[in-house]
Amino acid sequence: QVQLVESGGGLVQAGGSLRLSCAASGRTFSRYGMGWFRQAPGKEREFVAAISWSGGSTSYGNSVKGRFTISRDNAKNTVYLQMNSLQPEDTAVYYCAASRALIAVKWDEYVYWGQGTQVTVSS
C-alpha cells in the first residue's frame, strides 16, 4: 500500500513557475514508476509526466514538453514536478500517481493516486 500526498499548488501569474511535490509512504517507493496527471473542469484526465523507478527515464505530455520537469528523490520518497512558463491552460487539479510498471503513461497503469493539488494560472 502506498499513500501519496501532493503539495505546492497555488495561484500564479502566466509566465510564472511552481514546483509540486508528492510525498509517498511505504518502504518500496523506489519500485514504483511515478507520474503526474491533471484534470481541468469539464475535461478528461491528461497525462503530464512520468518517471521510472530510478529516475533514469522520463516521459512528458506534448503540451508540457520543454516547460515541465519531473524528478524524484528515492531517499526522501518524493517525486517533484517543476513547472515553468505556466499558462492559463495549465490550470487544473494535479494528481500524483504510482505504477507498478517501470514507467507508465496511461492512467489505467497507475494503482495509487493522491488527492490532488489545485494549480491556477491567471492571465
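Residues numbered from 1 in each chain as written. Predicted model: local features only at pLDDT ≥ 70, side-chain atom pairs only at ≥ 80, totals over all residues. Heavy atoms only, no water.

Draft legend 1. Broad picture of the pattern of salt bridges. Under the counting rule described, the total for this entry stands at three salt bridges. Among the ionic pairs, Glu46 bridges to Arg38, the shortest N-O distance being 2.9 Å. Classification of Arg38 by relative accessible area gives buried; the value is 5%. Two residues, Arg67 and Asp90, come together in a salt bridge whose shortest N-O distance is 2.7 Å. Linking Arg67 in the loop between strand 6 (58-60) and strand 7 (68-73) with Asp90 in the loop between strand 8 (78-83) and strand 9 (92-99), this pair joins segments that are 23 residues apart in sequence. (Salt bridge = Lys/Arg side-chain N within 4 Å of Asp/Glu carboxyl O. Buried < 20%, exposed > 50% of the residue type's maximum accessible area, 1.4 Å probe, protein only. Helix = DSSP H or I, 4+ residues; strand = E, 2+ residues; numbered from the N terminus.)

Draft legend 2. Structural context of the sheet that holds strand 8. An order of 1-3-8-7 is seen for the four strands of this open sheet, with the pairing classed as antiparallel. The open sheet has two edge strands, strand 1 (4-7) and strand 7, and neither has a second partner. This sheet shows a mean twist of 15° between the axes of neighbouring strands, independent of strand direction. Note that strand 1 and strand 3 (residues 18-24) share four bridges and pair antiparallel. Among the inter-strand pairings, Val5 is bridged to a residue of strand 3, identified as Ala23. (Pairing = 2+ DSSP bridges. Axes fitted to C-alpha atoms, helices over the stretch in contact; angles between N-to-C directions.)

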